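Observations on chain architecture
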Amino acid sequence: MLIGKACRVGGRVRSCVVKALARLFTSSSSMAKSKFEYVRNFETDDTCLRNCYIVVRLDGRNFHKFAEQHKFTKPNDNRALGLMTQSARSVMGELEDIVIAYGQSDEFSFVFKRTSTLFKRRASKLMTHVASQFSSSYVFYWKEFFGEQPLLYPPGFDGRVVLYPSNRNLRDYLSWRQADCHINNLYNTVFWTLVQKGGLTTAQAEDRLKRDETVTKRMKLPNEEEKDVPVTRSRRRVQAYHCDIIGDQFWEEHPDILEDDNC
Ligand code: DGT
Ligand code: MG
Ligand code: MG
């Protein structure tokens, strides 16, 4: 408004006012900057330790309810599994340093190569990029997998970062997630067979499984390998596998995933 007034008075006056204002603005803004800048020091350093594999694990928020409201089939919904895998592919497409991703149920683990310098190894950057890319992809590709079944509300995923310093530790981590998948899958398959085919109520099936725990522990599912997905990258191509990653065979067939322990 002041500048407009000065304009009418004449060119010289206008240029003086503009200069004075510019001086005032720059000096006060730089004062303000220096006055407030100290808040940066409240940011904490979250650089991940060198030489460690960085694992980001995501897990769906309240998927018990999400699965029910979106009519996921029990115990396993192939559409949901496919959508999770597609979302993980999208994450791997964006973040090149991920060497393997393993998923089951509503979770996915992403392993960054141990020598990665992506985002200066900052945990929060890595985790939030993985979580946001995964979540937006889950929504973006929903229709491809669920067709006419509408997405009723936006799903969310939590994330955590864990560091593993050796190949053994990393393999044990992935084995732990796969063993967890098999145990849950076995229990859920027997549970829902008792309900859907055996005519038991859910309470009766739960009670029955409590008593027969040793039987279910000894059973093996015929197609259990299809309920989880390690997604790996070989020379930039992302491939999905449904296979055992606890034994040695997978690792012998993919020697490029793990890096030397003596790096
Ligand atoms: P959270 O993670 O603490 O926010 O809570 P939830 O409810 O996500 O619990 P979580 O992650 O321990 O368990 C995953 C839930 O997702 C579990 O209740 C079963 C459901 N879910 C995942 N995949 C399937 C599926 O293929 N079919 C069905 N029916 N449910 C599934
Ligand atoms: Mg969950
Ligand atoms: Mg879960």
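To be clear, the structure that these remarks concern was listed above.
Read on for an overview of the structure. Along each chain, residues carry numbers from 1 onward, in the same order as the chain's sequence is written. In the order they appear in the text, chains get letters beginning with A and ligands get numbers beginning with 1. It should be noted that, the model being predicted, local features are given only for residues of pLDDT at least 70 and side-chain atom pairs only at 80 or more, the latter also being counted only at that level, while totals for whole chains, interfaces and linings use all residues. Side-chain descriptors were evaluated using all non-hydrogen atoms of the structure, hydrogens and water having been removed beforehand.

**Focus: the packing of aromatic side chains**
Two rings from Phe, Tyr or Trp (for Trp, the six-membered ring) form a pair when their centres are within 6.5 Å of each other. A pair whose planes differ by under 30 degrees is stacked, one over 60 is edge-to-face, and the rest are tilted. On inspection of all chains with the given rule, the structure shows 23 aromatic pairs. With 5.1 Å between their ring centres and 90 degrees between their planes, Phe250 and Trp251 make a pair best called edge-to-face. As far as burial versus exposure is concerned, Phe250 and Trp251 are alike and both buried. One aromatic cluster in this structure is built from Phe63, Phe66, Phe72, Phe108, Phe110, Phe134, Tyr138, Trp142, Phe146, Tyr153 and Phe157. Whether a charge lies above a ring is judged from NZ of Lys or CZ of Arg, which has to be within 6 Å of the ring centre and within 35 degrees of the ring normal. Sitting over the ring of Tyr153, Lys65 keeps its end group 5.0 Å from the ring centre. The ring centre of Trp176 lies 4.3 Å from the NZ or CZ of Arg177, which sits over that ring. Relative accessibility under 20% of the residue-type maximum defines a buried residue, over 50% an exposed one, and the middle range a partly exposed one, all with a 1.4 Å probe and only protein chains included.

**Some words on the coordination of the magnesium ion (ligand 2)**
A 2.8 Å cut-off from the metal defines N, O and S donors, relaxed to 3.2 Å for Na, K and Ca; water is not in the atom list, so some sites may appear incomplete. With distances of 2.0 to 2.2 Å, the protein atoms coordinating the magnesium ion (ligand 2) are Asp59 (OD), Gly60 (O) and Asp106 (OD). Irregular is the label for any site that misses the other tests, which are tetrahedral for four donors with all angles between 85 and 135 degrees, and square planar for four donors or octahedral for six when opposite donors exceed 155 degrees and the remaining angles lie between 65 and 115. One way to put it: the six donor atoms around the magnesium ion (ligand 2) meet at angles of 82 to 177 degrees, and that makes the site octahedral. Taken in sequence order, the residues that donate to the magnesium ion (ligand 2) follow the motif D-G-x45-D. A separation of 3.5 Å is found between the magnesium ion (ligand 2) and the magnesium ion (ligand 3), both of which receive a donor from Asp59. Note that Gly60 is positioned in strand 1 (residues 53–60) and Asp106 in the loop between strand 2 (98–104) and strand 3 (107–112), a separation of 46 residues in sequence. Its relative accessible area of 6% is what places Gly60 among the buried residues. Each helix corresponds to a stretch of at least 4 residues labelled H or I by DSSP, and each strand to a stretch of at least 2 residues labelled E; elements are numbered beginning at the N terminus.

**Focus: a nonpolar patch on the surface**
Residues qualify for a patch when their relative accessible area is over 30% and they have no salt bridge, like charges being joined within 9 Å and the nonpolar side chains of Val, Leu, Ile, Met, Phe, Trp and Tyr within 5 Å. Only the protein chains shown count as covering a residue, and every accessible area follows the Shrake-Rupley method with a 1.4 Å probe. Criterion for a salt bridge: a side-chain nitrogen of Lys or Arg within 4 Å of a carboxyl oxygen of Asp or Glu. On the surface, a cluster of nonpolar side chains totalling about 370 Å² of accessible area is made up of Tyr38, Val39 and Phe42. Classification of Val39 by relative accessible area gives partly exposed; the value is 47%.

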